[in-house]
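Each chain is listed here by its residues.
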Amino acid sequence: DSQSARMAHSRWNKWLALCGDAVLLKRDEATEEHIEAGLDKCVQQKQAKGVRGSTISREISTVLAIVRFTSKYWRLGLKIDGPTIKDGTKYAQRKPLKEQEQKQLMAVALEEGGPNGVALLLMLTTGMIASEIQRLPLSNVHLDGPVPYLLIDGDTKTEARKRPVPIVVELEWLRDQIQQIQPVS
C-alpha cells in the first residue's frame, strides 16, 4: 500500500463525498452533467480554501483518470471534460541573485569541480536548467571555435528552450573539467 495509492484513494473518497455514489450504466447527458457538476463543486471548494490551481489540477486529474478508465473499461462512452481552473494565486516575484551571492556560488562551483561544479557554473552563467545539462551530449559541446557555445537541441521543457548557449566565463576551467569527467571509452 504505497503513499501514492493512499493519496489516490483519499482523493477518490473526497470526490464521492462531493459528487455522490452514483451508478454509471450508460452514456447520457444527465450522467455527464452530474460528474462535471461534481468536478466544478470540488474546484470551487478548494479555491475557497485557498488551494493553488496547480494542486487542484493534480488532484482532479486523479479523479478524471479513474472516471475515464472506468468509462473505457466498461464501454460506457462517457465524454467528461475537466474543469477550467483559474489560478488566482499570487506568486512571489523572483529576484536575481545579488552580486556577492553570485561570487559565492562561482567560488563553490570552481572549488567543487567535477560534474557538480560544471553543472553549477552552467546554471549560474547560462540559465541552463538541470535537465538540459543532464541531456547535453558531448557532440553539442563546442568550446574550441571562435565563439565557444553549447547547443541545446534535444528534449527540452519547451521548444523555445532550444538554443545555442555562449560560454563567456571560465572557458579554460570548463574545458579542463569536461575532459576530466568524460567517460573513458
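Residues numbered from 1 in each chain as written. Predicted model: local features only at pLDDT ≥ 70, side-chain atom pairs only at ≥ 80, totals over all residues. Heavy atoms only, no water.

**Q** Quick one: what's the story with the environment of Val147, residue by residue and with numbers?
**A** With respect to the secondary-structure elements, Val147 resides in the loop between strand 1 (141-142) and strand 2 (149-152). With a relative accessible area of 56%, Val147 lands in the exposed category. Linking Val147 and Ala48, residues 99 residues apart in sequence, is a C-alpha distance of 54 Å. (Helix = DSSP H or I, 4+ residues; strand = E, 2+ residues; numbered from the N terminus. Buried < 20%, exposed > 50% of the residue type's maximum accessible area, 1.4 Å probe, protein only.)

**Q** Now, about a nonpolar patch on the surface: what can you tell me, with residues and values included?
**A** On the surface, Phe69, Tyr73 and Trp74 cluster together into a nonpolar patch covering about 430 Å² of accessible area. Within the secondary structure, Tyr73 sits in helix 3 (residues 53-73). You can call Tyr73 exposed: its relative accessible area is 53%. (Patch = residues over 30% accessible without salt bridge, like charges linked within 9 Å, V, L, I, M, F, W, Y side chains within 5 Å. Areas by Shrake-Rupley, 256 points an atom, 1.4 Å probe, with all protein chains shown as cover. Salt bridge = Lys/Arg side-chain N within 4 Å of Asp/Glu carboxyl O.)

**Q** How would you summarise the pattern of salt bridges if you had to cite specific residues and measurements?
**A** Taken as a whole and judged by the stated rule, the model has 7 salt bridges. For Lys46, the salt bridge identified is with Glu59, shortest N-O distance 2.8 Å. With Lys46 in helix 2 (residues 29-48) and Glu59 in helix 3, this residue pair connects regions lying 13 residues apart in the sequence. The two residues Lys46 and Glu59 agree in class, both being buried. Across the salt bridge formed by Arg161 and Glu132, the nearest N and O atoms sit 2.7 Å from each other. Of this pair, Arg161 sits in the loop between strand 2 and strand 3 (163-166) while Glu132 sits in helix 6 (residues 130-134), placing them 29 residues apart in sequence.

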